[in-house]
Every structure is written in C-alpha cells, then in structure tokens.
Amino acid sequence: MTSLIDKAMDTAIAPGFSNIGYRVRRRSWEPITESLDGQTVVVTGATSGLGKAAATGLAGLGADVILVGRNPDKTAAVQAEIAAAARSTTVRSELADLSLMSEIRGLADRLLAEESAIHVLINNAGTLFTERTVTPEGIDDTLATNLLGHFLLTNLLIPRLVKSAPARIINVTSGGMYGQRISVSNLQNDLGEYKGSAAYARTKRGQVILTEMWAEQLRDTGVTVNAMHPGWADTPGVVKSLPTFHKITKPFLRTPAEGADTIVWLAASGEAAGRTGLFWHDRRPRPTHKTKRTRERPEARTALWDALSELSGWEGGDF
Ligand SMILES: NC(=O)c1ccc[n+]([C@@H]2O[C@H](COP(=O)([O-])OP(=O)(O)OC[C@H]3O[C@@H](n4cnc5c(N)ncnc54)[C@H](OP(=O)(O)O)[C@@H]3O)[C@@H](O)[C@H]2O)c1
C-alpha cells in the first residue's frame, strides 16, 4: 500500500516533495543506528539548512565531521553548536569560498595534508542566484558554486577517498533538474536571457550527470557516488532565493533534518552500502528524467567533462 501511494506521489511531484511525502514514506523506514565512529566526513555548505542538519546527524552517529564554510564567524558558531550536541568529539571546520577554484585548491591541499582518510564527501553547498553574477575568476556564479566547484573539489579528493575505501560521495542536487537538459554551449549562462531557476536547475542536472560518470569511473574502487534530492525544505536558502514560494508553501515544507534524512542515510546506512550511480529521494532510487526532452546524448557528457576540466583547470583526466 505504501509503495502504491509512493508511486502516486512520484507522479504528482508536489505532495512527494513536501512534508506529506516525507511523513508517508518514513513509516516504512528503520532508524539509522549504524555507528560512524572513526569515519571522517567532509560536508560543504555546512553552515546552514540541509548541510548543517546533515552534519549534525552524522556527528550524532559518531563521525568525525569537517564542516566547510565560507564565513568565519558563522562557521565557528555552527561548529560550536554541533560539537556541543555531538556524540563524536571531533567537529572541525575549514574555510573556503567554493565558487573560487583557487580557494578549492587550497582547501583540498589542506584536507589532503591533514586527513589521512576521508570516508564520506558531501557536496551540498549550493545557491540559486536570481541575477546573473560572475566570480572574480570570470565564472558565472551559478555554474561556479553549484557545479564547477563540486567537480574540482571531488576530483582533487577522489584519490584520498579511494585510499580510504569503502567510501561514499553524496551530491545534493534538486528535483528542479527534472525540468532542464544540460546545455554545454551555455554553461556560463551568458546566452539569451538569464533565468535564475533554469540556470540553477541545469547545474543540478549537471551534478546528476557527473554522479553517473564518477560512479562508472570508480566502479571496483570501493567508492560509491550517489546524488539525492531533498524535496522542499524550509531553509535560509529558500527564504532568500524563493521568498514567494516560501510564503505560499511554508506549511508543507520539510524541516532541514527531514530534507537531510536521505543524505545521512546514504552516508551511514548499511542498506545504502555498495549502491552507486543512483539518484535518490526519500531513501529510494528515483528516475533521473520525467520526459525525453531533458535527456542528453553521450557526446554531451564527454563535452561537459571536458568543459568543466578546462574552466576549473583540472588536468587529471578521469579516473
Ligand atoms: N531547501 C530546499 O528545499 C532544497 C531543495 C532542493 C535542493 N536543495 C539543495 O540543497 C543544498 C543546500 O541548500 P539549503 O536549502 O540548505 O540552502 P542554504 O540554507 O542557503 O545553505 C546553503 C549552504 O551553502 C553554502 N554556500 C553557498 N555558496 C557558497 C560558496 N560560494 N562557498 C561556500 N559555501 C557556500 C552556504 O554558506 P553560507 O551559510 O555562508 O551562506 C550554506 O552553508 C543546495 O545545494 C541546494 O541547491 C535545497
């Protein structure tokens, strides 16, 4: 019965993305009881919303958590808050603006120098820019923050994750990607009129494509790579970027912890171990397309990888 209702919610979209979907589906879930003692987890965008909730959940399971933030005061405050509530005694933080490739390289250098093992990488940082802006490095901010930075950080850390295997990479994407196909010729969003939601959704589509590519490249290494979407959660990011949507849907939005549940589950659960290359929502793999219109050709994937390599200065090829 639950699975019939679940299918109906998948088709209708809105109820499934809302807190109604979460409440119906969680009735069949087991609590996450796995211990993450001795596991090192890196969470980007850990100072707010879903990233903060995921980091709190993982620290509660005993993981040594490294919070990546960009604002020193905010990051220190969140670190203190999570450390006070955590079962793990090790909650550390790193600072980096993840829209800047130079800062990502610095962050990766520090992590590789200081962490002999990284077991989980959660690429969660992301923003919807209502106006087109460009970083000091000349990259469209939507692309830089939501896709290019994830691409570079992940590629730089993969060798350490492989060395630490079994290890897991989790990419936090969005159901908004159902409406968009990747556009390699317009990655910088400088062709035609800029529409923030569409530009955002294309980067989220890109994360799903990269997830599948990394999963293929890392097959047999013990490193799994999955994407997830949280549904609609009441976070500072939604309040800021989508104020009208937030006002209308507020009673139906998930809490940050509810939105982050599948992040924590993918990072910790025995059930998720070994599953790779999938797109998850509420602890179940979901289709990556709802219409043929959003499908890309295989050549577009290779072109995406090459374009991201060039823009980020990644010269390591694939794995
Ligand atoms: N909430 C939802 O309903 C929803 C739905 C679908 C997908 N998502 C995805 O979930 C993820 C988290 O979103 P959220 O709703 O929790 O938003 P949020 O409350 O705005 O949190 C976003 C996090 O990303 C960080 N961040 C943004 N740009 C950054 C940069 N250039 N460098 C370093 N950190 C940066 C933010 O840092 P500051 O604290 O310094 O701002 C913050 O910690 C995003 O990838 C978003 O696309 C959310």
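Residues numbered from 1 in each chain as written. Predicted model: local features only at pLDDT ≥ 70, side-chain atom pairs only at ≥ 80, totals over all residues. Heavy atoms only, no water.

## Some points on the overall build of the protein chain
Condition: The numbering of helices and of strands both runs from the N terminus, where a helix is a DSSP run of H or I of at least 4 residues and a strand a run of E of at least 2. We compute the radius of gyration from the C-alpha atoms alone; for a globule the expected value is 2.2 Å times N to the 0.38, where N is the number of residues. Relative accessible area decides the class of each residue, using a 1.4 Å probe on protein chains only: under 20% of the type maximum gives buried, over 50% gives exposed, and in between gives partly exposed. Throughout, a contact is declared for two residues whenever any of their heavy atoms are within 4.5 Å. Method for areas: the Shrake-Rupley scheme with a 1.4 Å probe, in which residue coverage is limited to the protein chains shown.
A tally of helices and strands in the protein chain yields 12 helices and eight strands. A compact globule built from 319 residues would reach a C-alpha radius of gyration of about 20 Å, and the protein chain, at 18 Å, matches this within 12%. Based on the C-alpha atoms only, the size of the protein chain along its principal axes is roughly 50 × 50 × 40 Å. The buried share among the 319 residues of the protein chain stands at 55%. Contacts in the protein chain between residues at least 24 apart in sequence constitute 76% of all its contacts with a sequence separation of at least 6. Total accessible area on the protein chain is roughly 13,800 Å²; 54% of this is exposed by carbon and sulfur atoms.

## Let's talk about the site of the ligand
This is how it is decided: Put simply, a residue is near a molecule or strand once any heavy atom of it comes within 4 Å of that molecule or strand. Within 3.5 Å is the distance limit for a polar contact, defined as a pair of N or O atoms, with the added protein rule that one can donate a hydrogen and the other accept it, and that residues adjacent in sequence qualify only through two side-chain atoms.
Surveying the vicinity of the ligand reveals 30 residues, the closest of which are Thr47, Ser48, Lys74, Tyr200 and Thr235. At 2.9 Å from an oxygen atom of the ligand is found a side-chain nitrogen or oxygen belonging to Arg70. Within the backbone of Gly231, an N or O atom sits 3.4 Å from an oxygen atom of the ligand. Considering the ligand on its own, with 890 Å² of exposed area, one finds that the protein chains cover 91% of that surface.

## Observations concerning the packing of helix 8 (residues 196-217) against helix 12 (residues 298-312)
Rules: Geometry is summarised by axes, namely lines fitted to C-alpha atoms with helices restricted to the contacting stretch, and by angles between N-to-C directions that run from 0 to 180 degrees. Angles below 35 degrees are treated as roughly parallel, those above 145 as roughly antiparallel, those between 65 and 115 as roughly perpendicular, and all remaining angles as oblique.
Viewed as axis vectors pointing N to C, helix 8 and helix 12 meet at an angle of 95°, and their least axial separation amounts to 11 Å. As the angle between them shows, helix 8 and helix 12 are arranged roughly perpendicular. Taken together, the residues of helix 12 that come into contact with helix 8 (itself represented by Gly206, Ile209, Leu210, Glu212, Met213, Trp214 and Gln217) are Arg301, Thr302, Leu304, Trp305 and Leu308.

## So, the pairing of strand 1 (residues 40-44)
Stated formally: In this scheme, strands are said to pair when DSSP sees at least two bridges between them.
Within strand 1, five of the five residues are buried, leaving the element largely enclosed by the surrounding structure. Burial of strand 1 is two-sided: the residues Thr40, Val42 and Thr44 facing one way and the residues Val41 and Val43 facing the other way are all buried. Bridge count between strand 1 and strand 2 (residues 64-69): five bridges; the pairing is parallel. Considered in strand 2, the bridge of Thr40 is made with Asp64.

## Re the sheet that holds strand 7 (residues 279-281)
Sheet architecture is open: eight strands sit in the order 3-2-1-4-5-6-7-8, paired in mixed fashion. Strands with a single pairing partner mark the edges of an open sheet, and in this sheet they are strand 3 (91-95) and strand 8 (284-285). Across the sheet, helix 5 (residues 72-85) is in contact with strand 2 and strand 3; its angle to strand 3 comes to roughly 165°. Set on the sheet, helix 6 (residues 101-114) makes contact with strand 1, strand 2 and strand 3; between it and strand 3 the angle comes to about 145°.

## Considerations on the packing of aromatic side chains
Two measures describe an aromatic ring pair: the distance that separates the ring centres and the angle between the ring planes. Here is the rule we go by: Classification of ring pairs uses Phe, Tyr and Trp, with its six-membered ring standing for Trp, and accepts pairs whose centres are within 6.5 Å; under 30 degrees between planes counts as stacked, over 60 as edge-to-face, and the remaining range as tilted. As a reminder, the over-ring test applies to NZ of lysine and CZ of arginine, requiring each to be within 6 Å of the ring centre and within 35 degrees of the ring normal.
Scanning all chains against the criterion turns up seven aromatic pairs. Where Trp232 meets Phe245, the ring centres are 5.4 Å apart and the plane angle is 80°; that geometry is what we call edge-to-face. Of the two residues, Trp232 sits in the loop between strand 6 (223-228) and helix 9 (236-241) while Phe245 sits in helix 10 (residues 243-249), which places them 13 residues apart along the sequence. Taken together, Phe17, Trp232 and Phe245 form an aromatic cluster joined through their ring pairs. Sitting over the ring of Tyr178, Lys290 keeps its end group 4.7 Å from the ring centre.

## Some details on the environment of Asn189
Counting through the fold element by element, Asn189 comes out in the loop between strand 5 (167-172) and helix 8. Residue class for Asn189 comes out buried when judged on its relative accessible area of 4%. Between the C-alpha atom of Asn189 and that of Thr44, which follows or precedes it by 145 residues, the distance is 24 Å. Not counting residues within four places of it along the chain, the set of residues in contact with Asn189 comprises Arg132, Asp140, Thr142, Tyr194, Ala199 and Arg202.

## Re the side chain of Asp282
As for its position among the elements, Asp282 is in the loop between strand 7 and strand 8. Separated by 2.8 Å, the side chains of Asp282 and Arg254 make a polar contact. Residues in contact with Asp282, not counting those within four places in the same chain, are Gly16, Gly21, Tyr22, Arg25, Trp29, Arg254 and Thr262.

## What about the pairing of strand 6?
Most of strand 6 is tucked away: six of the six residues are buried. Alternating positions in strand 6 separate into two faces, Val223, Val225 and Ala227 on one and Thr224, Asn226 and Met228 on the other, with burial throughout. Pairing between strand 5 and strand 6: six bridges, direction parallel. Within strand 6, the position partnered with Ala167 by the bridge is Val223. Where strand 6 lies against strand 7, two bridges are found, and the strand directions are parallel. Note on strand 7: the bridge partner recorded for Met228 is Trp280.

The quantities given are spatial measurements derived from coordinates; they are silent on function.
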